[in-house]
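Structural description and commentary
What follows is each chain in one-letter form.
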Amino acid sequence: MPLRFTLRQLEYFVAVGEAGSIAKAAEQVNVSPPSISASIAQLETEFGVQLFVRKHSHGLSLTPGGRVFLKEAARLLNDADALHDVAGDIAEKVRGPLALGCLLTFAQIVLPALRMKFERAYPDVRVRQFERNQGQLLEMLQRGEIDLALTYDLELSQDMTFEPLMLVPAYVMLPEGHRFAGKASITTEELAHEPMVLLDLPFSREYFLSAFHQRGMRPNIAERTGDIAVMRSMVANGFGYGIANMRPLNTLAPDGKPLVFVPLDGDLRPLTMGVALPNSEHRTQTVQAFIDHCRHFVVEQGVFGTERVVAKQSLARAVPGK
């Protein structure tokens, strides 16, 4: 029996199902709302099911059958995208979709330039990016929603592979004029009674607090935020100090006030920034090309703040003739 629906119609349906609105979905897939409406109507006619309940004031809501249909349509689209990987491997070309996750604490520093250079080098690759916290990235990797993630080596499971790029030791962030601002390094003992602005994100939070707990101390947490940009501005405005690993490329908070960065002296291990991906016997050409590109990028960009690059040995193995 010939198919009387298209992958494009399924793509439009999934976009509406995830956005909850034809207008929002039209913006995402860059087509007109009437085209999307017509595609959904054709799917409902073809399969004899109602996919949405239409509400004038609240957009569209999936019916129970529509939710089941959405899950299967998304799976089918993912399988169809995988054909690009197969074709690329056969032709030994880097092409097709790449779903890329990035830890939101350093996405603003690393991701835009890295992605732009990759897309210029490989114009046949279609990148989708997702900025998430560590817990969300790990869940997306396990569910197969992203191909790989730029992140830290925090709480990675045994069913994941981690390709290291560079070490990022912890530093203390201070407002200009703070009495510790001129020190070469700061110990956790010196910070114990100072007010702290904690970067309150899954796994990152536990990592920062362990600097104190492993010495039998508890920090004086004055403020919490899940946004590193907000943390920088709060520190710059005198709410307390902050601890982070990825140092920005300038010493200004987002609101323009100056910051001072001092290495944290203690037993807190440096984190390693790298690429996490599910274990697999077969790695696509596109995924491997992105990992190699990350190694080149880190070496070419030099060091972010006070971090030490660790990608050079991997780069020598990855690039023939070097």
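Everything discussed here concerns the structure shown above.
Reading the values: the criteria
Residues numbered from 1 in each chain as written. Predicted model: local features only at pLDDT ≥ 70, side-chain atom pairs only at ≥ 80, totals over all residues. Heavy atoms only, no water. Axes fitted to C-alpha atoms, helices over the stretch in contact; angles between N-to-C directions. Helix = DSSP H or I, 4+ residues; strand = E, 2+ residues; numbered from the N terminus. Parallel < 35°, antiparallel > 145°, perpendicular 65-115°, else oblique. Contact = heavy atoms within 4.5 Å. Salt bridge = Lys/Arg side-chain N within 4 Å of Asp/Glu carboxyl O. Buried < 20%, exposed > 50% of the residue type's maximum accessible area, 1.4 Å probe, protein only. Polar contact = N/O pair within 3.5 Å; in protein donor to acceptor, adjacent residues only side chain to side chain. Core = buried A, V, L, I, M, F, W, Y, C linked by side-chain atoms within 4.5 Å.

The next point concerns the packing of helix α1 (residues 7–19) against helix α3 (residues 33–47). At a minimum axis separation of 9 Å, α1 and α3 run at an interaxial angle of 105 degrees. Comparing their axes, α3 and α1 come out roughly perpendicular. On α3, the residues touching Q9, L10, Y12, F13 and V16 of α1 are S35, I36, S39, I40, Q42 and L43.

Our next topic: the environment of G256. As for its placement among the helices and strands, G256 is situated in the loop between β11 (242–244) and β12 (259–265). Note: C-alpha distance between G256 and S233 (23 residues apart in sequence) is 8.3 Å.

This part takes up the pattern of salt bridges. Evaluated as defined, the whole model comprises 17 salt bridges. In this structure, the salt-bridge partner of E145 is R143, at a minimum N-O distance of 2.7 Å. Notably, a salt bridge pairs K257 with D255, separated by 3.7 Å at the nearest N-O pair. Looking at K257, the relative accessible area reads 36%, which means it is partly exposed. Bridged by salt links that share partners, the residues E163, R283, D292 and R295 form one connected network.

What follows deals with the side chain of R295. Tracing the sequence through the fold places R295 in helix α10 (residues 285–301). Look at R295 and you get buried, because its relative accessible area is 6%. Here the side chain of R295 touches E163 through a polar contact of 2.7 Å, side chain to side chain.

Residue position: T105 is located in the loop between β3 (96–103) and α5 (107–121). The class for T105 is buried, based on a relative accessible area of 6%. For T105, the residues in contact, after removing those within four places along its chain, are Y152, L199, L201, I228 and R232.

The subject of this paragraph is the nonpolar core. Within the largest apolar cluster, 78 residues are counted, with the highest numbers of intra-cluster contacts made by F106, L150, Y152, M246, M273 and F290. The element that contributes the greatest number of residues to this core is α10, accounting for seven residues. Setting aside chain neighbours within four positions, we find Y152 in contact with L103, T105, F106, Q134, F162, V168, N245, M246, L271, T272 and M273. Counting residues in each nonpolar core, the second largest holds 21 residues, with F13, V14, F69 and L70 among its members.

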